[in-house]
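Coordinates in review
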Amino acid sequence: MQVIRQKLIFPTLFVSLALGLAACNSKEAEKPASQIAAKVNSGEISVHQINYILSRTGAGASTPEMAPKMRREVLDRLVDQELAVEQAIEKKLDRSPDVLMSIENARREILARAYVEQVAAAMDKPTVDEAKKYYAEHPQLFAERRIYNIQEIVLPATPGIADELREMLNGGKSMEDIANWLKGKDIKFAGGSAARSAEQIPLELLPKIHPLKVGQGLLMEGPQSITVMRLAASQSVPISEDAALPRIQQFLGNQRTAEAAKQEIKALKAKAKITYMGEFADAGGTTSQAAVAPAAAPAAGPVASKSAVDINVEKGVAGLK
């Protein structure tokens, strides 16, 4: 599963530049007094700018009692920003090649996001029944959710080592014994332990860890590394269905949007004529359907590496606690 930036949050620099330009452009347009929140020298900050920032950050959902304070805090930040923008223009920084490139990148980011959001808006939202099905199919994340204390040793993939490590692990050897054995073989490795909740473990690995009893372990072989894991302790911390359903719907919606965006870009590539030039000519040539190289496998241990989807699940479930 892949996520093509479901959240699609702008880099802070791009947001600052875009808002700064908006504040700057306000100088050229007359607004009714009710639309102006503040005047800064010859510049103006509009109420619409405040409302936009609140809507994008989610701060607009604060309680009625907190709303005036939040709006004033946003306005104060915009005032500071306007002052900085005015100084940047006075020093002609808006003509700097780096700044111009940043502005252009921000424009492209905004347009690309708007297109993906348009594609996503046409899709059906996940239903409660779909969320309930996901809840039932993933007890490790919800009804049987645990916090695991995992000991881990990661070493480079070495021919003939995996079988011996597996035999020691299954024979009940401690992680200290395994570490000493590796030292005796002069094999470099990294080790440690950490407590991780279910949503912090890659989805493809969780079903293998969940059934383990304390003291049991498993060995994972990757193209570049071998990881030895042992469960030192675990704690049951379930999440009820009622609490989980809204987050699951959000996650499924993000997942659906990501897949739709992926398919849309794939279709656009199939129709486009893409010509790679200069130093990139050998890599691509001219094609009507550009090939996308698969991402390289992570070199870190399986527990340590997390995909964007795993991170999204982690954030969603963490919000339920």
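Provided above is the structure to which this section pertains.
Residues numbered from 1 in each chain as written. Predicted model: local features only at pLDDT ≥ 70, side-chain atom pairs only at ≥ 80, totals over all residues. Heavy atoms only, no water.

The relative placement of two aromatic rings is captured by the distance of their centres and the angle of their planes. Evaluated as defined, the whole model comprises three aromatic pairs. Judged by centre distance (6.3 Å) and plane angle (70°), the ring pair of tyrosine 134 and phenylalanine 142 falls under edge-to-face. When sorted by exposure, tyrosine 134 lands in the same class as phenylalanine 142, which is buried. Seen from their ring centres, tyrosine 135 and phenylalanine 142 are 5.2 Å apart, and the 25° between their planes marks the pair as stacked. For tyrosine 135, a relative accessible area of 11% gives the class buried. The buried category is assigned to phenylalanine 142, whose relative accessible area is 2%. (Phe/Tyr/Trp six-rings, centres within 6.5 Å; stacked < 30°, edge-to-face > 60°. Buried < 20%, exposed > 50% of the residue type's maximum accessible area, 1.4 Å probe, protein only.)

As a further point, take the nonpolar core. By size, the foremost hydrophobic cluster in this structure holds 24 residues, and its most contacted members are Tyr134, Tyr148, Ile209 and Ile248. Listed by contribution, the elements that provide at least two residues to this core are α5 (128-137), β3 (146-156), α8 (206-209), β5 (217-221), β6 (225-236) and α9 (241-271). If sequence neighbours within four positions are ignored, tyrosine 148 has contacts with Ala194, Ala195, Arg196, Ala198, Ile201, Leu206, Ile209, His210, Leu231, Ala233 and Ser234. Formed by 15 residues, the second largest nonpolar core is a distinct cluster that contains Ile153, Ile161, Ile226 and Val228. (Core = buried A, V, L, I, M, F, W, Y, C linked by side-chain atoms within 4.5 Å. Helix = DSSP H or I, 4+ residues; strand = E, 2+ residues; numbered from the N terminus. Contact = heavy atoms within 4.5 Å.)

Everything listed is a geometric property; what it means functionally is a separate question.
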